[in-house]
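Structure at a glance
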Amino acid sequence: MTRILGIETSCDETAAAVIEDAGDAAKILSNVVLSQIEEHAAFGGVVPEIAARAHVEALDGVIEAALAEAGVTLDTVDAVAATAGPGLIGGLIVGLTTAKALAAAAGKPLIPINHLEGHALTARLTDGLEFPYLLLLVSGGHTQIVHVAGVDRYARWASTIDDALGEAFDKTAKLLGLPYPGGPSVEKAASTGNPRRFSFPRPLKGEARPDFSFSGLKTAVRRAATELSPLSDQDVADICASFQHAVTETLSDRVVRSLERFRSEHPDLDTPALVVAGGVAANQAIRAALEELCREHGFRLVAPPIKLCGDNAAMIAWAGMERLKAGLAEDDALSFAPRPRWPLDSSSAPLFGTGKRGAKA
């Protein structure tokens, strides 16, 4: 019986969880997530300084709640796993420093976790998925297609050359006066809109390269909103529906190239899996489009439960469990420094685009 305490503070959720693995099955004993939506809503996005302060104020209580809900104490867990990057540096410092203090005080191993690895391995916790599989990671900071061959064995096949998809959702919502966070707000508005009223672009559609681009789509939305200003509720709904429709068609066009490559590299797999993870994976229209795409190409779509799509500590604890079982826990982890940028695949060169973030890890 192995138990791991996980801590996640990379952005605007303060989270702690306990995972238990009896050898034949893993179980989430607790998964406490405290959102900071109210703190950031007035600004239409995450303010790093506010996020870091909120983590400081809340983290001890969240950890206590996770241990209590799991019915364990710090003495009865086997290791402490914490997000060490990528993310907002202030939040990473808070979470990793706390994890170091707990691990040192209790004499437990510390396992620094790449936040993206947490997303990449969640499907093995929820669905018992075997390696290898293909991962579509879509969140506020990342849009990537990754070949997952094993724990710590990742190859990035595609990425965005500008905005991440979640970033495009958030900026579209802010432009249209919808509340933060943008993803759920755009999806809700789109449910009553006409997805064919506006003919928004499908960036890179038809190109052989498998990468993504969303800045041009975001610009087209701004242009349409400006031309119609002032916007009625129906205008907003139609823009959201047309934007979401363009996104689903763009994703399908981009992802299919990686499905074909995966099939060619693993011809022995009868029904290979495409995993969709990250906050944007909660969008039902995107899930439906990917489900249809997988059905057409002989793949199985694996999507974690909605509560495990966004940032959470259960995925961090599970990644720690995977690394511990694989013998990848580091002996000198207490000296590990937080990394605001930390590519999951360090061997592939980052893409450079025209967006403000530059290289997309």
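In case you missed it, the structure is sitting above this.
Let me begin by describing the structure that accompanies this report. Note that this is a predicted model, so its numbers are computed, not measured. As a convention, each chain's residues are numbered from 1 in the sequence order in which they are written. Local features in a predicted model are, by the rule used here, given only for residues with pLDDT of at least 70; side-chain atom pairs are given and counted only at 80 or more, and totals for whole chains, interfaces and linings are based on all residues. Processing note: side-chain calculations cover all non-hydrogen atoms of the structure and skip hydrogens and water entirely.

**Some details on the packing of helix α7 (residues 215-228) against helix α8 (residues 233-265)**
Their axes nearest at 11 Å, the elements α7 and α8 cross at an angle of 160°. One finds that α7 runs roughly antiparallel with respect to α8. As for the relative orientation of α7 and α8, their crossing is right-handed in sense. Contacts between α7 and α8 pair Leu217, Val221, Ala225 and Leu228 from the former with Asp235, Ile239, Phe243, Ala246 and Val247 from the latter. A fitted line through C-alpha atoms represents every axis, and for helices the fit uses only the stretch in contact; the resulting angles, taken between N-to-C directions, go from 0 to 180 degrees. Secondary structure counts use DSSP, requiring at least four H or I residues in a row for a helix and at least two E residues in a row for a strand, with both numbered from the N terminus. Angles are sorted into four bins: roughly parallel if under 35 degrees, roughly antiparallel if over 145, roughly perpendicular if 65 to 115, and oblique for all others. Note: crossing handedness is left-handed where the near helix turns anticlockwise from the far helix by less than a right angle, and right-handed where it turns clockwise. Whether two residues are in contact is decided by their heavy atoms, any of which lying within 4.5 Å being enough.

**So, the sheet that holds strand β3 (residues 26-35)**
Read across the sheet, five strands follow the order β3-β2-β1-β4-β5 without closing on themselves; strand pairing throughout is mixed. Looking at the sheet topology across the chains shown, the edges are occupied by β3 and β5 (110-114). Direction aside, the axes of adjacent strands within the sheet are offset by 20° on average. Strand pairing is defined by DSSP finding a minimum of two bridges between the two strands. Bridging between strand β1 (residues 2-8) and strand β2 (residues 13-21) involves seven bridges; their strand directions are antiparallel.

**Some points on the pattern of salt bridges**
Definition used for salt bridges: Asp or Glu carboxyl oxygen within 4 Å of a side-chain nitrogen of Lys or Arg. Following the criterion strictly, the structure yields 15 salt bridges and no others. Between Lys325 and Asp21 there is a salt bridge, with the nearest N and O atoms lying 2.9 Å from each other. Of this pair, Lys325 sits in helix α10 (residues 314-325) while Asp21 sits in strand β2; the two residues are 304 residues apart in sequence, bridging distant segments of the chain. On the basis of relative accessible area, Asp21 is assigned to the buried category, the value being 6%. For Lys171, the salt bridge goes to Glu167, with nearest N and O atoms at 3.1 Å. Taken together, the residues span about one helical turn, with Lys171 and Glu167 both in helix α5 (residues 165-175) at a distance of four residues. Only protein chains enter the accessibility calculation, which uses a 1.4 Å probe; a residue whose area is less than 20% of its type maximum is buried, one above 50% is exposed, and one in between is partly exposed. Judged by relative accessible area, Lys171 falls into the partly exposed class, the value being 29%. Residue class for Glu167 comes out buried when judged on its relative accessible area of 5%. Among the charged side chains, a network of salt bridges with common partners joins Glu117, Asp152 and Arg323.

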